[in-house]
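Residue-level structural notes
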Amino acid sequence: MKFTEEHEWLREEGDEIVIGITEHAAEQLGDIVFVELPEVGTEVSKDDECVVIESVKAASDILAPIDGEITEVNEALVDDPGKINEDPMGDAWFIKIKPAEPKQMDDYMSEAEYRDMIS
């Protein structure tokens, strides 16, 4: 897994990248009450807003960490956004992207580097 300074995680699964937010981010946001996901097939560029989440504390945009095409969205989060607080690093992923440039993954932190950043 790789991690961004914006508290997102990225995990390679075959030729796709699965993207979600970290436990730290979920804790900081508090209870998440709403998620808006993009359409499958949407082309995104790095740093494009692609997911909107709202919690009892704030609304946040999740930015695309890499260029590519969204191949799948986690529809279960729309009906139950609280899953993000329960399992942010597992079942509560947001989107899957087929990367246009897989080497962009090299720009991000390892888990150890991320843990150092948040401590």
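Residues numbered from 1 in each chain as written. Predicted model: local features only at pLDDT ≥ 70, side-chain atom pairs only at ≥ 80, totals over all residues. Heavy atoms only, no water.

Let's talk about the sheet that holds strand β4 (residues 32-36)
The antiparallel open sheet is built from three strands, whose spatial order is β4-β6-β7. A single partner strand is all that each edge strand has here, and the edge strands are β4 and β7 (59-63). Strand-to-strand twist in this sheet, taken as the mean axis angle between neighbours without regard to direction, amounts to 25°. With five bridges connecting them, strand β6 (residues 49-55) and β7 associate as antiparallel partners. Bridge pairing in β7 links Glu54 to Ala59. (Pairing = 2+ DSSP bridges. Helix = DSSP H or I, 4+ residues; strand = E, 2+ residues; numbered from the N terminus. Axes fitted to C-alpha atoms, helices over the stretch in contact; angles between N-to-C directions.)

Some details on the pairing of β6
As paired elements, β4 and β6 share four bridges and run antiparallel to each other. When the bridges of β6 are listed, Glu36 appears paired with Val52. If you look at the hairpin formed by β6 and β7, you'll find three residues sitting between the two strands.

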